[in-house]
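Residue-level listing of the chains:
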Amino acid sequence: MAHATFTSEGQNMESFRLLSGHKIPAVGLGTWRSGSQAAHAVVTAIVEGGYRHIDTAWEYGDQREVGQGIKRAMHAGLERRDLFVTSKLWYTLILRKMINLSSPLMNVLVGTCLNKRCTELSPERVRPALQNTLKELQLEYLDLYLIHWPIRLREGASKPPKAGDVLDFDMEGVWREMENLSKDSLVRNIGVCNFTVTKLNKLLGFAELIPAVCQMEMHPGWRNDRILEFCKKNEIHVTAYSPLGSQEGGRDLIHDQTVDRIAKKLNKTPGQILVKWGLQRGTSVIPKSLNPERIKENIKVFDWVIPEQDFQALNSITDQKRVIDGEDLFVNKTEGPFRSVADLWDHED
Ligand code: NDP
Ligand code: 1BO
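What you are looking at is a predicted structure, and each value in this text was computed from that prediction instead of being measured. (Residues numbered from 1 in each chain as written. Chains lettered and ligands numbered in written order. Predicted model: local features only at pLDDT ≥ 70, side-chain atom pairs only at ≥ 80, totals over all residues. Heavy atoms only, no water.)

A.B. asks: I'd like to hear about the overall build of the chain, residue by residue, with values.
C.D. replies: A tally of helices and strands in the chain yields 13 helices and 13 strands. Out of the 349 residues in the chain, the part that is buried amounts to 56%. Contacts in the chain between residues far apart in sequence, at least 24 positions, make up 74% of those at least 6 positions apart. Approximately 15,600 Å² of the chain is accessible, and the part contributed by carbon and sulfur atoms is 49%. (Helix = DSSP H or I, 4+ residues; strand = E, 2+ residues; numbered from the N terminus. Buried < 20%, exposed > 50% of the residue type's maximum accessible area, 1.4 Å probe, protein only. Contact = heavy atoms within 4.5 Å. Areas by Shrake-Rupley, 256 points an atom, 1.4 Å probe, with all protein chains shown as cover.)

A.B. asks: Requested: an account of the site of ligand 2, with residues and values cited.
C.D. replies: Ligand 2 sits among Trp32, Tyr60, His148, Trp149 and Leu329. Contact distances for ligand 2 include 2.5 Å between an oxygen atom and a side-chain N or O atom of Tyr60. Measuring from an oxygen atom of ligand 2, one finds a side-chain N or O atom of His148 at 2.8 Å. Protein contacts shield 85% of the accessible area of ligand 2, which totals 220 Å² for the unbound molecule. The site holding ligand 2 turns out to be the largest pocket. Here the residues of the shell around ligand 2 sort into four nonpolar, one polar and no charged. (Near = heavy atom within 4 Å. Polar contact = N/O pair within 3.5 Å; in protein donor to acceptor, adjacent residues only side chain to side chain. 1 Å grid on protein atoms, 1.4 Å probe; cavity = no way out; pocket = protein on both sides within 12 Å on 5 of 7 lines; lining within 4 Å. Sits in = over half its atoms within 2 Å of the grid points. Nonpolar A, V, L, I, M, F, W, Y, C, P; charged D, E, K, R; others polar.)

A.B. asks: Please give an account of the UniProt feature "binding site: substrate" (unreviewed entry) in the chain that cites residues and values.
C.D. replies: In the numbering adopted here, UniProt assigns the feature "binding site: substrate" (unreviewed entry) to His148. The buried category is assigned to His148, whose relative accessible area is 6%. The contacts of His148, once residues within four sequence positions are left out, are Ala57, Glu59, Tyr60, Lys88, Leu89, Trp90, Cys193 and Asn194. (UniProt positions renumbered as here; feature names shortened; annotations may be inferred.)

A.B. asks: How would you sum up the site of ligand 1? Please name residues and give values.
C.D. replies: By nearness alone, 29 residues border ligand 1, and Asp55, Ser246, Gln247, Ser289 and Arg294 come closest of all. Between Arg294 and ligand 1, the recorded distance is 2.7 Å, taken from a side-chain N or O atom to an oxygen atom. With respect to the detected pockets, ligand 1 is housed in the largest pocket. The element that contributes the greatest number of residues to the shell around ligand 1 is helix H10 (residues 292-298), accounting for three residues. When the residues that make up the shell around ligand 1 are grouped by side-chain class, the tally is eleven nonpolar, 13 polar and five charged.

A.B. asks: Before we move on, can you summarise helix H4 (residues 126-137) with the specific residues and values?
C.D. replies: In this model H4 runs 17 Å from its N-terminal to its C-terminal C-alpha over twelve residues, within 8% of the 16 Å that 1.5 Å per residue would give. Within H4, nine of the twelve residues are buried, which leaves the element mostly enclosed by the surrounding structure. Looking at the buried side of H4, the elements it contacts are helix H2 (63-75), strand S6 (84-89), strand S7 (144-147) and helix H5 (171-183). (Expected span 1.5 Å × (residues − 1).)

A.B. asks: Tell me about the packing of aromatic side chains, residues and numbers included.
C.D. replies: With the rule as written, the count across this model stands at four aromatic pairs. Consider the rings of Trp90 and Phe330, whose centres lie 6.3 Å apart with planes at 45 degrees: the pair is tilted. A residue pair is termed long-range when its members are at least 10 positions apart, and Trp90 in the loop between S6 and helix H3 (104-116) and Phe330 in helix H12 (residues 327-330) qualify at 240 residues. There is no split in this pair, since Trp90 and Phe330 are both buried. Seen in terms of ring centroids, Trp149 and Phe330 are 5.1 Å apart; in terms of plane orientation they differ by 55 degrees. Their pairing is tilted. Taken as a pair, Trp149 in the loop between S7 and strand S8 (152-153) and Phe330 in helix H12 lie far apart in primary sequence, 181 residues in all. Take Trp149 and Phe330: they sit in the same class, and that class is buried. Positioned over the ring face of Tyr141 is Arg188, at 4.2 Å from the centre of the ring. Taking NZ or CZ as reference, Arg322 lies 3.4 Å from the ring centre of Trp345, over its face. (Phe/Tyr/Trp six-rings, centres within 6.5 Å; stacked < 30°, edge-to-face > 60°. Lys NZ or Arg CZ within 6 Å of the ring centre and 35° of its normal.)

A.B. asks: Could you give an account of the layout of surface pockets, naming the residues involved and the relevant values?
C.D. replies: One number sums up the size of the largest pocket: a volume of about 980 Å³. Around the largest pocket sit 44 residues that line it, and Trp32, Arg33, Ser246, Gln247 and Ile324 are the ones nearest its centre. When residues of the lining of the largest pocket are traced back to their parent elements, those giving at least two are helix H9 (270-280), H10 and H12. Here the lining of the largest pocket is composed, by residue class, of 16 nonpolar, 15 polar and 13 charged. (Points joined across faces, edges and corners; volume = space filled by probe spheres on them.)

Below, the structure is given as structure tokens:
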């Protein structure tokens, strides 16, 4: 069962233990939309902020920068084993059987593929995708590899998808390949993001390796209690993404009245209250920031607690709504197969 571990002071909740026995640091740095500034953010987080957990994804297009940041942090004296690096399987770039990997033609094709946002989530592409991610990050292994979305898109799919862009997803085939990556020690843990209870139940029906982590949107504006309870019951650790309400176009929880009131009362910042709320629910939390002061602020959450009454006030924020609902990526209102956001989330919200 995933549970908190405590520091020698006996009160600090700094990591959670996964089913595999590995520990996931409770606060990690998110890197979505960090672009060319990702390297600097990663170095600041690790070297100055004391972060040991970095979250990235092929889709973020910043794995090279994240890798450079990790390398610089390691030059500053950190060991690889001290870090917990997560990335995510989106779509794979390489049609290996058809192409000589070292040929100049390969470079051209990969470039073309990148521009087209190759988008097939299928079993034979899982390993090449991971290899590509490891190469970009300049790492030998990942601590955690997640299926980014349980949806397969056609190569060159549009955003929003056109008819025929969203294909059947071979969940069992993809998961078997994820399991093989784990057996081959290329990844220490495997997991999923953006699954529903329906999809998790399906996965648990055939999984030889139970997902160690389920990464989901969670903040006081979208508590997502149903999936949290399901995961706890099944000993799957949950990581809360977009813990501050996400970025541009997201929900401004930093200026939410309840959050602000509690922050002032506890002499903390709204960002710290939002991170701490996630930790007190038993989830790890991955706030993104490019601002050095905010990066450092967001992890100063271990030597205090949100009192029960205030915690319950945060649990009572109304207008519960997803920010990252996947509509622009996966919904085609006339052709389907997902005609609405509700379809996408198996009508569980
Ligand atoms: P967050 O909820 O982490 O919010 C980030 C925003 O908050 C940025 O605009 C940031 O600005 C600002 N911010 C950061 N710290 C503070 C603070 N202390 N006070 C005020 N503002 C602050 O957004 P994300 O959506 O990026 O989620 C975090 C991470 O979760 C992602 O970066 C990604 O790694 C992961 N994720 C995973 C998904 C998945 O499908 N698995 C989906 C979405 C996110 P600034 O940079 O200027 O500080
Ligand atoms: C669509 C990607 C959301 C960030 O993980």
